[in-house]
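Breakdown of the fold
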Amino acid sequence: MPSNRARIDRGRMQKVQQILSEFHLQKEELLEVMQRIQQEMEKGLRLETHKTASVKMLPTYVRSTPDGSEVGDFLALDLGGTNFRVMLVKVSEDAQGGWKIETSNQMYDIPADVMTGTAEMLFDYIAQCISNFLDQYSMKDKKLPLGFTFSFPVRHEDIDKGILLNWTKGFKTSGVEGNNVVGLLRDAIKRRGDFEMDVVAMVNDTVATMISCYYEDHSCEVGMIVGTGCNACYMEEMKNVELVEGEEGRMCVNTEWGGFGDTGELEKFRLEYDCVVDEASVNPGYQLYEKIIGGKYMGELTRLVLLKLVNQNLLFNGEASQLMKTRGSFETRLLSQIESDTGDQKQIYNVLTTLGVLPSKADCEIVHLACESVSTRAAHVCAAGLAGVINRMWKNKCKETMKITVGIDGSVYKYHPHFKHRFHTMVRELAPCCDITFLQSNEGSGRGAALISAVACKMAS
Ligand code: GLC
């Protein structure tokens, strides 16, 4: 006979598991997500359906087969997460005629008032950071070519011209949506007047990541980010890119798949926690797929799950601390810490005590399970997206098997202890005809922007 205590614990665990089971998606369900993403991708590419597609499939004007590149110094800017980065990239040729790259960079915080202020405030701040960087390297007198990694949905007219469609990831600066981002940057540099720059290219972070990995591995035809936000780009046949004239060759398409679900395609899979996170965000109703996966949201999702367990009297004796009740207090990096636990529960205990609770062993175990549920769902749902892209490319190629490399970056992918493995395994299961290599990029955003600028300079010369 199990003791009373053990019986209670078993009953409690069963209830917990039942609540968490909602996060588990069967393979059939993931295949359904994949097919729906593919449908939206197709709609995004076609002229007559583009407007209503939730996956925008934005042409980037980054084409296949670049014919060489310039060498020299380039400045790269990277705006899109929690920091802003300025980077000096020296591109030269190595002995085999390939690229050789050296970089130095500086990180700048983005103050909250700049993130939610006006366009002028944001771009004046960016120009001020560049000025500071040039001072440090005594380069103020040089007019360098500049590549701008701007990690938001942009409708390009060319590689150096594009309007911001809408902000994502918590940005809310007024006066940028609907405007030419490169124009705003050029104006701010002019306003300062203490240095000059030749802005030659603007790219998404996924594109920069793909290009920086292509430099190491020429099979790299997909770029992906799983960080604050989540997105992917890939090389598409020009004949399918109906928004741009011409049929020959290929062009990189920024899927902006974070917006998948915004026209209802994910309703079947979204849970009560997803709805709360969405409603409390600065862009309710938008980026619903990203809000399941991105580091900006996963911590908060977990906090809501924990509160639900507390409210059902299944955790912390039915009482949450003030901090646990505070929105945003459970950051995504805490999932990584908790899931790094090696079995002694020390990490979990430490994290929870800093959040103001004194957990029992069973509490620690339950919190671990909750984190695992949220992050595994993220990895699997994200895998469905990538499998959607890769299977589409495979169909385009009409080959039996396809070898492909995916360049990938982002804090969730890099720092979560198990995301990578769960994600890779599921992508391979959902795209069985493809031989997939994952290549983690290093400083891809900056290096990629510089490499694209180097190619753009060559084309213009
Ligand atoms: C968001 C942005 C997208 C970017 C991604 C990763 O989804 O809209 O442009 O690539 O975050 O940073």
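Residue positions are given per chain, counted from 1 along the sequence in the order it is written. Note on the predicted model: pLDDT of at least 70 is required for a residue's local features to be given, and 80 or more for side-chain atom pairs to be given and counted; whole-chain, interface and lining totals, by contrast, use all residues. Processing note: side-chain calculations cover all non-hydrogen atoms of the structure and skip hydrogens and water entirely.

1. Notes on the overall build of the chain
Secondary structure assignment for the chain yields 15 helices and 13 strands. Radius of gyration (C-alpha) of the chain: 23 Å, near the 23 Å computed for a compact globule of 461 residues. Along the longest, intermediate and shortest principal axes, the C-alpha atoms of the chain span 85 × 50 × 45 Å. Here the chain holds 461 residues, and the buried ones make up 57% of them. Whether two residues are in contact is decided by their heavy atoms, any of which lying within 4.5 Å being enough. Long-range contacts, defined here as pairs at least 24 residues apart, represent 70% of the contacts in the chain between residues at least 6 apart. Residue burial considers only the protein chains on display, and all accessible areas are found by Shrake-Rupley using a 1.4 Å probe. Carbon and sulfur atoms form 48% of the exposed surface of the chain, whose accessible area is close to 19700 Å². Counting from the N terminus, the helices are the DSSP runs of H or I reaching at least four residues and the strands are the DSSP runs of E reaching at least two. Radius of gyration: over C-alpha atoms. The globule rule applied is 2.2 Å multiplied by the number of residues raised to the 0.38 power. Each residue is assigned to one of three classes by its accessible area relative to the maximum for its type, calculated with a 1.4 Å probe on protein chains only: buried under 20%, partly exposed between the two thresholds, exposed over 50%.

2. Let's talk about the environment of Ser 441
Tracing the chain through its elements places Ser 441 in the loop between β13 (434-440) and α15 (444-460). Here Ser 441 falls in the buried class, since its relative accessible area comes to 2%. C-alpha separation for the pair Ser 441 and Gly 223, spaced 218 residues apart in sequence, amounts to 9.5 Å.

3. Structural notes on unusual backbone geometry
If you check the backbone angles, Glu 256 has positive phi at about 50 degrees while not being a glycine. Inspection of the secondary structure assignment puts Glu 256 in the loop between β11 (250-254) and α7 (272-280). A positive phi angle, near 60 degrees, is found at Asn 313, a position not held by glycine. Here Asn 313 is to be found in the loop between α9 (295-311) and α10 (332-339).

4. Topic: the pairing of strand β3 (residues 83-93)
Where strand β2 (residues 72-79) and β3 come together, 8 bridges link them in antiparallel fashion. Paired with Ala 76 across the bridge in β3 is Met 87. Note: two strands are recorded as paired if DSSP finds a minimum of 2 bridges between them. Note that β3 and strand β4 (residues 99-109) share 11 bridges and pair antiparallel. Across the sheet, residue Val 89 finds its bridge partner in β4, namely Thr 103. The hairpin turn running from β3 into β4, its antiparallel successor, is 5 residues long, and Gly 97 in that turn takes a positive phi close to 80 degrees.

5. Here we look at the layout of surface pockets
Approximately 870 Å³ is the volume found for the largest pocket. Surrounding the largest pocket, 36 residues form its lining, Asp 78, Gly 81, Thr 82, Thr 228 and Gly 410 being those nearest its centre. When residues of the lining of the largest pocket are traced back to their parent elements, those giving at least two are β2, β3, α6 (205-214), β10 (230-237), α13 (411-415) and α15. Throughout this entry, Asp, Glu, Lys and Arg are counted as charged residues, while Ala, Val, Leu, Ile, Met, Phe, Trp, Tyr, Cys and Pro are counted as nonpolar. The remaining residues, Gly among them, count as polar. A breakdown of the residues in the lining of the largest pocket according to their chemical character gives 9 nonpolar, 17 polar and 10 charged. Computed over the protein atoms alone on a 1 Å grid, cavities are sets of points where a 1.4 Å probe fits but cannot get out and pockets are open sets with protein on both sides within 12 Å along at least five of seven lines; a residue lines them when it has an atom within 4 Å of a point. Grid points are joined across faces, edges and corners, and a volume is the space filled by probe spheres set on the points. For the second largest pocket, the calculated volume is near 680 Å³. Lining the second largest pocket are 29 residues; nearest its centre among them are Gly 295, Lys 296, Tyr 297, Glu 300 and Thr 332. Of all the secondary-structure elements, those providing two or more residues to the lining of the second largest pocket are α7, α9, α10 and α13.

6. Quick look at empty space enclosed by the protein
Scanning all chains against the criterion turns up 2 cavities of 30 Å³ or more. When its volume is computed, the largest cavity comes out at roughly 60 Å³. Mapped onto the lining of the largest cavity, the elements with two or more residues apiece are β1 (58-63), β6 (154-158) and β8 (197-203). The class makeup of the residues in the lining of the largest cavity is 8 nonpolar, 4 polar and no charged. Glu 221, Met 235, Glu 237, Arg 250, Met 393, Asn 396 and Lys 397 together form the lining of the second largest cavity.

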